[in-house]
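Each chain, written out:
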Amino acid sequence: MKLFTYWRSQASYRVRIALALKGLDAELITLDLLKGDQFADGYRALNPEMVVPTLVEEGHPPLSQSLAILEFLEERHPEPPLLPVEAYARARVRALAQVVAMDAHPFIVPRVRKYLENELGLPEATRNTWLAHWLTGASQAVESMLAHDPRTGRFCHGDQVSVADICIVAHFTSAKMLCRLEMEAFPTAARVFSACMQLDAFARTHPLRQPDAPKAVS
Ligand SMILES: N[C@@H](CCC(=O)N[C@@H](CS)C(=O)NCC(=O)O)C(=O)O
């Protein structure tokens, strides 16, 4: 298996965590999104949206969209499960995942940041306000969903790691890196985040531990 990835990509981090949790190995093919590697013809043929991640298994069609890839991995490699069994529980886990992955993440991706800069001419400080606005709003929603629901346990849903934990860890990791978001205002999410980061699958796939991460970033 090959995973096309970028160190700081929130969507790629989701897939790296899921692969690690499932005990699956993938060769990492790194693309530099800031240099525009995603627009190369060869990559465009694999992923017409020109985004990462893409997961390629020899002899099979390429897989794109991180949440679709997570569902695929769950179907093909059910152990350990990343979704609970019961229907309300599955819906809650998917909802938590989607707050960050579908409602906040699209506002902060490189192509949107570039559009704000190049087409709308917004200065860097205003673009940073934009990033903080969307990342903070989703963080508040997640905190409220976790803090006010007795189904929250050691992890987002009980004591079993799920797709919600994957997406929330990737979200807060981006927020810390892109707008230095502090987690004190989100105590329940912070507790779940640190429980996840104690697991090797989350820690070793962290953006700063990727082969393409700049050495000087802290
Ligand atoms: N919804 C997609 C998002 C994919 C996406 O936008 N990836 C970003 C990196 S996290 C990307 O490749 N951006 C390239 C660009 O914006 O030019 C997913 O979950 O896979």
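The rules we used
For every chain, the first residue of its written sequence is number 1, and the numbers climb from 1 along that sequence. Per-residue local features are limited, in this predicted model, to residues with pLDDT of at least 70; the limit for side-chain atom pairs, both in listing and counting, is 80 or more; totals at the level of whole chains, interfaces and linings are taken over all residues. Numbering of helices and strands runs from the N terminus, with a helix taken as a DSSP run of H or I at least four residues long and a strand as a DSSP run of E at least two residues long. Our radius of gyration is a C-alpha quantity, and the globule rule it is checked against amounts to 2.2 Å times the number of residues to the power 0.38. Once C-beta atoms are placed from the backbone, each residue is buried if 20 or more other C-beta atoms lie within 10 Å of its own, exposed if 12 or fewer, and partly exposed for counts between those two. C-beta atoms are first placed from the backbone for all residues, and any pair lying within 7 Å is then listed as a contact. Whether a residue is near a molecule or strand depends on its C-beta atom, generated from backbone atoms, being within 6 Å of that molecule or strand. Where each domain begins and ends is defined by an automated method or by a domain database. Pairs of strands are assigned from DSSP output, requiring at least two bridges between the strands. Place the viewer so that the strands point away; then a crossover is right-handed whenever the path from the first strand over the helix to the second strand goes clockwise. Take the number of residues in a helix, subtract one, and multiply by 1.5 Å to get its expected span. Axis lines are fitted to C-alpha atoms, over the contacting stretch for helices. Their N-to-C directions set the angle, which ranges from 0 to 180 degrees. For classification purposes, an angle smaller than 35 degrees is called roughly parallel, one larger than 145 roughly antiparallel, one from 65 to 115 roughly perpendicular, and anything else oblique. Ten residues, namely Ala, Val, Leu, Ile, Met, Phe, Trp, Tyr, Cys and Pro, are considered nonpolar, four, namely Asp, Glu, Lys and Arg, are considered charged, and the remaining ones, Gly among them, are considered polar.

With that settled, the discussion passes to the overall build of the protein. In terms of helices and strands, the protein carries 9 helices and 4 strands. Against the 2.2 N^0.38 benchmark of 17 Å for 218 residues, the protein shows a C-alpha radius of gyration of 17 Å, consistent with a compact globule. In terms of its C-alpha atoms, the protein occupies a principal-axis envelope of roughly 45 × 45 × 30 Å. Taking all 218 residues of the protein together, the buried fraction comes to 36%. The long-range fraction of contacts in the protein, counting pairs at least 24 apart against all pairs at least 6 apart in sequence, stands at 70%.

This next bit is on the site of the ligand. Taken together, 15 residues are adjacent to the ligand, and Ser9, Ala11, Val51, Ser66 and Arg111 come closest. Counting residues per element, the ones that place at least two in the shell around the ligand are helix H1 (10–21), helix H3 (66–76) and helix H5 (110–119). Each of two domains, domain 1 (2–80) and domain 2 (87–203), supplies a minimum of three residues to the shell around the ligand.

Before going further, it helps to spend a moment on the pairing of strand S2 (residues 27–30). Two elements, strand S1 (residues 2–5) and S2, share 4 bridges in a ladder whose sense is parallel. Paired with lysine 2 across the bridge in S2 is glutamate 27. For the crossover that starts at S1, traverses H1 and ends in the parallel S2, the hand is right-handed.

An ideal rise of 1.5 Å per residue puts 24 Å on 17 residues; helix H7 (residues 163–179) measures up with 24 Å between its terminal C-alpha atoms. Across the 17 residues that make up H7, a large majority, 13, are buried. Arginine 180, located one to two residues past H7, shows a positive phi value of around 50 degrees.

On to the sheet that holds S2. In spatial order, the strands read S2-S1-S3-S4; together these 4 strands make up an open sheet with mixed pairing. Two strands close off the open sheet at either side, each with one partner strand: S2 and strand S4 (63–64).

Looking at the protein, the domain boundaries give domain 1 (2–80) and domain 2 (87–203). The distance between the C-alpha centroids of domain 1 and domain 2 comes to 20 Å. With 14 residues of domain 1 in contact, the opposing surface of domain 2 contributes 16 residues. The set of elements that each furnish at least two residues to the side of domain 1 that touches domain 2 consists of H1 and H3.

Moving on, we get to the packing of helix H4 (residues 87–104) against helix H6 (residues 124–147). A pair of packed helices is captured by two measures, namely the crossing angle of their axes and the spacing between those axes. Where H4 contacts H6, the two axes come as close as 10 Å, and the packing angle between them is 170 degrees. Judged on the interaxial angle alone, H6 and H4 are roughly antiparallel. For the pair H4 and H6, the contacting residues are Leu96, Val99, Val100, Asp103 and Ala104 in the first and Trp134, Leu135, Gly137, Ala138, Ala141, Val142 and Met145 in the second. Grouping the constituent residues of the contact of H4 with H6 by class yields 10 nonpolar, 1 polar and 1 charged.

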